[in-house]
Amino acid sequence: MVARQVVDDALALAREMDVRSETAIRIGISVPREILALSREAGADLIVLPASLRQLSERPFLGYGVEYLLRNSESTIVVVSLPGGWRGHV
């Protein structure tokens, strides 16, 4: 299952950074809505999201999912953008 490998890789990186984290795999129609629902159910105070910055017109664009969560979440949102292909260590 591809989702399990992605989650396992993210969890390994969090452990490498000595960050306590929880993971979940959910199936739904809208990824940002599922993230929002899960964060509310879990009482999360922090959501960390990956982002690829794209230039749209003359300003950076994080993506509709990130923007949706920034507008609708009660939790603190941290958006992390790493250089393409980054596999470094902390």
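Computed from a predicted structure; not experimentally measured.

Asks: Hey, could you go over the pattern of salt bridges for me, with residue numbers and the actual values?
Replies: Counted by the stated rule, this structure contains five salt bridges. Put simply, Asp8 and Arg4 hold a salt bridge, and the shortest N to O gap is 3.4 Å. Of the two residues, Asp8 and Arg4 are both situated in helix α1 (residues 2-16); the distance of four residues between them amounts to about one turn of the helix. For Arg4, a relative accessible area of 38% translates into the label partly exposed. Across the pair Glu41 and Arg26 runs a salt bridge whose closest N-O atoms are separated by 2.9 Å. Of this pair, Glu41 sits in helix α2 (residues 31-42) while Arg26 sits in the loop between α1 and α2; the two residues are 15 residues apart in sequence, bridging distant segments of the chain. In this structure Arg26 comes out as partly exposed when scored by relative accessible area, which is 36%. One salt-bridge network, held together by shared partners, links Arg26, Glu34 and Glu41.

Asks: I'd love a proper account of the nonpolar core, names of residues and values included.
Replies: One broad trend across soluble globular proteins is that nonpolar side chains are buried collectively. Residues Leu36, Ile47, Leu49, Val66, Tyr68, Leu69 and Ile77 constitute the largest nonpolar core, which totals seven residues. Put simply, the parts of the chain that give this core at least two residues each are β1 (46-50) and α3 (64-72). The biggest single contributor to this core is α3, with three residues. Excluding its chain neighbours within four sequence positions, the residues that come into contact with Tyr68 are Pro32, Arg33 and Leu36.

Reading guide: rules and limits
- Residues numbered from 1 in each chain as written.
- Predicted model: local features only at pLDDT ≥ 70, side-chain atom pairs only at ≥ 80, totals over all residues.
- Heavy atoms only, no water.
- Salt bridge = Lys/Arg side-chain N within 4 Å of Asp/Glu carboxyl O.
- Helix = DSSP H or I, 4+ residues; strand = E, 2+ residues; numbered from the N terminus.
- Buried < 20%, exposed > 50% of the residue type's maximum accessible area, 1.4 Å probe, protein only.
- Core = buried A, V, L, I, M, F, W, Y, C linked by side-chain atoms within 4.5 Å.
- Contact = heavy atoms within 4.5 Å.

What is shown is where atoms sit, not what they do.
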